[in-house]
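Overview (structure and organization)
Each chain is listed here by its residues.
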Amino acid sequence: MRRSPFLMVACAALCGLSACEKVSVEGGVSAAGLAQSESLVSTAKPELSPVAEPSSTPHFSEPATAGSVLLNQHGFSSKSRLRAVLVDASNTPKTFELLNDRDQVILSGQTVPFGVDAASALSVHQIDAPLTGDVGDGFTVRVGAIKSDPFDIGGRPYGSLSRDSLSYFYQSRVGAPVEASYVPSTTPPLTRPAGHVDRTLTCFSGPDDRGTDWPGCDYSLSVQGGWYDAGDYGQYAVNTGFTTWMLLNMAERRKSGSVRQCAPELGDMSLLMPEAGNGISDILDEARHGVDYLLSTQTSSTVPQALARGDQAATGPLSLTLTSPAGMVHHKSHGVTWPGDNVLPHTDGITRRLYPPTTSATLHLAAVGAQCARLFASVDKAFSQQCLSAARTAYAAASRVPDAYAWGEFDGGGPYDDQSLTDEFGWAATELWLTTREAMFAAEMDRYVPTYNPFGSFDWASMEGPGMLSLMASERSLAGQARLNAARTALLTWADRYEGQTSEAGFMVPKSELDYYWGSNGDFMNRAIIMGTAHTSTGDEKYRRGVIDAMDYLLGRNPLGRSYVTGYGERPARNPHHRFWRGGSDATLPFPPPGALSGGPNNINFIDPVGSTLRGQCTSMTCWADDYAAYSLNEVAINWNAGLAWTAHWLDRQDASCAALPRPSNGVE
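Structural notes, computed from the coordinates.

Cut-offs used in this document
- Residues numbered from 1 in each chain as written.
- Predicted model: local features only at pLDDT ≥ 70, side-chain atom pairs only at ≥ 80, totals over all residues.
- Heavy atoms only, no water.
- Helix = DSSP H or I, 4+ residues; strand = E, 2+ residues; numbered from the N terminus.
- Buried < 20%, exposed > 50% of the residue type's maximum accessible area, 1.4 Å probe, protein only.
- Areas by Shrake-Rupley, 256 points an atom, 1.4 Å probe, with all protein chains shown as cover.
- Salt bridge = Lys/Arg side-chain N within 4 Å of Asp/Glu carboxyl O.
- Phe/Tyr/Trp six-rings, centres within 6.5 Å; stacked < 30°, edge-to-face > 60°.
- Pairing = 2+ DSSP bridges.
- Contact = heavy atoms within 4.5 Å.
- Axes fitted to C-alpha atoms, helices over the stretch in contact; angles between N-to-C directions.
- Polar contact = N/O pair within 3.5 Å; in protein donor to acceptor, adjacent residues only side chain to side chain.
- Parallel < 35°, antiparallel > 145°, perpendicular 65-115°, else oblique.
- Left-handed = near helix turned anticlockwise from the far one by under 90°.
- Nonpolar A, V, L, I, M, F, W, Y, C, P; charged D, E, K, R; others polar.
- Disulfide = S-S within 2.5 Å.

1. Regarding the overall build of the chain
- Looking only at helices and strands, the chain has 16 helices and 19 strands in total.
- Looking at the 669 residues of the chain, the share that counts as buried comes to 64%.
- Carbon and sulfur atoms make up 52% of the accessible area of the chain, which totals about 22600 Å².

Below, the structure written as structure tokens:
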């Protein structure tokens, strides 16, 4: 995909023309430029990718037809392999050619017939060949008379995506305006006034959708920070916690002595944001907004409050138990009804409320608060201490009330329910132990994490993985400890399973299961995080290839031939379920900025007006539409974009032209 020429200017500002020996297609610099100290990063003004012109792409996408060559439409690193898929039912290999922008053959080879890919129902061949080192734009792959979409080959193809995917969070902040200085220039503009500025909220009272009569509470909290969770205006502690953990994990891996330091994009002045220039890493500045939300929704009230505890009936009113909520975190905050499609952040007048505290929300603060304390200790000691104090209080509250679940069904917001919290307790204990090294938290780890699930994954409700990954990102002094070795063994088991699935899938993706759930693209990024961490730990190239396979899928190597990342590829998603980025259905509003990830194919929940028309008409990988109304297929969400940002930055760091620090002898990072 063609990119903006601003990259030449950015490189010159970053390290001086004499130091920048070479600029790649995506603005990567040579080892000489990257050897400059990080202090020089502050002299460069970061920029975002321009917004692509609106296209006439239909909202529905049909599966590719015979002869189609499907690949990453954005581009490839010159250090990676060319991996593509040809739709073809024959059992005979075909000759493929890689052409440059002048139609000169750069390399050629033979496709490998795969047969029918179960997730797409397409018969395919696979293309897998090492690239030759040529860089530039306008490359294509030709098989017979058919050419692929054009793509770039460069030194740092994911530099811009790393920045753009992180800009998503600035543009999703609650209670803050989006200003022209920090977003691409578009017509209509991406700027908007602050929404939901007055967030002094009290508890919901009255009947919920199950008929439970909630009495409310006798206090109000001044809710601060956070991001709009998805396409509407709710905020949820568990998804905010999970998202914030990913951002902080990016910072912790960057800080770790065994992780290569050469990609400077997470330092101060690396992102376009109001906090740039404050002397603190921009990724920490952004993550702080998530931490602030969790801190502000923790209650100190000791007045007994009605909570839904323990097992409950599947339907009908809940049984409520009066419980002191002291130290607990409110599960969510949102309007008492859903906002209409035409309601913008700054025009939303729906009354907002806090919803009952839960144990899962409380454990998310315990974990993220401890992680925050580690990472802010050297840059904001007072905030670090505040985080740790809140984390300790939260863990004690969750231990006292281990069974307050999100059973309620409330209008205006999703449930984010989770009634199995062993993983959250283990995660929180791990984060607290990593921060404090206190014996009591070591004992809690041993209590809740006796063994890691060899078939695990992670998301906002499955938090075993984050505890494991935080151990892996810890400093070298922990290497060799039994808990760390157990985490590493489990990590590699997970990573081997995901990487191994690429050989089972016609589209060479790290997923062989045929169930594509709501947010399937986010799951691909979570799998990439596991494989990326495994690569950092072992140096095994197969894991890096698995990460690239996951990203290739998102950027076009899929049976619909679409890029699920806005602004990237020849046919990117353009009409996400988002009330402000709605240019496709309202000419007065902007199209989405580059770097937002669509939720992706969903063959399980056909619940929205568009998805319901696809029931029985699509396969696992093809149940998707680029339509605003397709919220179960095409919504955006903070946790999915955090995974995209983590993966894009990891890949960019891998492509940076500098040497990694020596790996510990036992391979643990």
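Now that the structure has been shown, we can carry on.
2. Some words on the pattern of salt bridges
- Evaluation of the coordinates by the stated rule reveals 29 salt bridges.
- When the shortest N-O distance is used, the salt bridge between Glu 499 and Arg 545 registers 3.1 Å. With a gap of 46 residues between them, Glu 499 in helix H11 (residues 482–501) and Arg 545 in helix H13 (residues 541–554) connect regions that are remote in the sequence.
- For Arg 545, a relative accessible area of 27% gives the class partly exposed.
- Of the charged contacts, one joins Arg 544 and Glu 541 as a salt bridge, the two residues approaching to 2.9 Å between their closest N and O atoms. Taken together, the residues span about one helical turn, with Arg 544 and Glu 541 both in helix H13 at a distance of three residues.
- The network of salt bridges with shared partners includes Arg 81, Arg 83, Asp 128, Asp 549, Asp 552 and Arg 557.

3. Here's the deal with the packing of aromatic side chains
- A complete count under the given rule lists 25 aromatic pairs for this structure.
- Judged by centre distance (6.1 Å) and plane angle (40 degrees), the ring pair of Trp 518 and Tyr 631 falls under tilted. Pair noted here: Trp 518 is in the loop between H11 and helix H12 (520–538) and Tyr 631 is in helix H15 (residues 631–634), with a separation of 113 residues, a long-range link.
- A relative accessible area of 28% places Tyr 631 in the partly exposed class.
- When the centroid spacing of 4.4 Å and the interplanar angle of 35 degrees are considered together, the rings of Phe 524 and Tyr 553 count as tilted. Here Phe 524 is found in helix H12, whereas its partner Tyr 553 is found in helix H13, with 29 residues between them in sequence. Each member of the pair, Phe 524 together with Tyr 553, is buried.
- Within the aromatic cluster, the residues linked to one another by ring pairs are Tyr 516, Phe 524, Tyr 553, Tyr 564 and Trp 624.

4. Remarks on the pairing of strand E5 (residues 105–110)
- Relative to E5, strand E4 (residues 95–99) runs antiparallel, the two sharing five bridges. When the bridges of E5 are listed, Thr 95 appears paired with Gln 110.
- Taking the residues that link successive antiparallel strands as the turn, the E4-E5 hairpin has five residues, and the phi of Asp 103 there is positive, at about 65 degrees.

5. What about the sheet that holds strand E18 (residues 329–335)?
- One open sheet holds the three strands; their spatial order is E15-E18-E19, and the pairing between them is antiparallel. The open sheet has two edge strands, strand E15 (235–236) and strand E19 (352–358), and neither has a second partner.
- Here E15 pairs with E18 via two bridges, running antiparallel. When the bridges of E18 are listed, Gln 235 appears paired with Ser 333.
- In the packing of helix H6 (residues 359–376) onto the sheet, contacts are made with E18 and E19, and the angle to E18 comes to roughly 110 degrees.

6. So, the environment of Thr 619
- Locating Thr 619 in the fold gives a position in the loop between helix H14 (611–614) and H15.
- Within polar-contact distance, the side chain of Thr 619 engages the backbone oxygen of Ser 120 at 3.4 Å.

7. Focus on unusual backbone geometry
- The omega angle of the peptide bond from Thr 187 to Pro 188 is -10 degrees, so this bond is cis rather than trans.
- Within the element layout of this structure, Pro 188 appears in the loop between helix H3 (159–170) and strand E11 (200–202).
- In this model, Asp 103 sits at a positive phi of 65 degrees, which is unusual for a non-glycine residue.
- Inspection of the secondary structure assignment puts Asp 103 in the loop between E4 and E5.
- For Asp 103, a relative accessible area of 40% corresponds to the partly exposed category.
- Notably, Met 508 is not glycine yet its phi reads approximately 55 degrees, a positive angle.
- Positionally, Met 508 belongs in the loop between H11 and H12.

8. With respect to the sheet that holds strand E3 (residues 81–87)
- The four strands lie next to each other as E1-E3-E7-E6, forming an open sheet whose pairing is antiparallel. On the outer flanks of this sheet lie strand E1 (69–70) and strand E6 (112–117), each paired with one strand and no other.
- Bridge count for E1 against E3 is two bridges, and the pairing is antiparallel. Across the sheet, the residue bridging to Val 69 is Leu 86, located in E3.

9. Thoughts on the environment of Tyr 170
- With respect to the helices and strands, the residue Tyr 170 is situated in helix H3.
- When the C-alpha atoms of Tyr 170 and Met 273 are compared, they prove to be 6.8 Å apart, with 103 residues separating the residues in sequence.
- Within polar-contact distance, the side chain of Tyr 170 engages the backbone oxygen of Pro 177 at 3.4 Å.

10. Considering the packing of H11 against H13
- The N-to-C vectors of H11 and H13 enclose an angle of 60 degrees; their axes lie 10 Å apart at closest approach. When the axis of H11 is compared with that of H13, the two are oblique. The interaxial crossing formed by H11 with H13 has left-handed handedness. Between H11, through Leu 492, Ala 495, Asp 496 and Glu 499, and H13, the contact on the second element is made entirely by Lys 542, Tyr 543 and Arg 545.
- Classifying every residue of the contact of H11 with H13 gives three nonpolar, no polar and four charged.

11. Here we look at the state of the cysteines
- The tally for this structure, following the rule as stated, stands at three disulfides.
- Two residues share a disulfide in this structure: Cys 372 and Cys 387, whose sulfurs sit 2.1 Å from each other. Judged by the torsion about the S-S bond (60 degrees), the Cys 372/Cys 387 disulfide is right-handed. Taken together, the positions of Cys 372 in helix H6 and Cys 387 in helix H7 (residues 381–400) put the pair 15 residues apart, joining distant regions of the chain. Note on accessibility: Cys 372 and Cys 387 belong to one class, buried.
- Each disulfide pairs two cysteine sulfurs, and for Cys 618 the partner residue is Cys 623, the sulfurs being separated by 1.9 Å. Given an S-S torsion of about 90 degrees, the disulfide between Cys 618 and Cys 623 has right-handed geometry. Cys 623 matches Cys 618 in its accessibility class, with the two residues each being buried.

The analysis is restricted to geometry; functional conclusions fall outside its scope.
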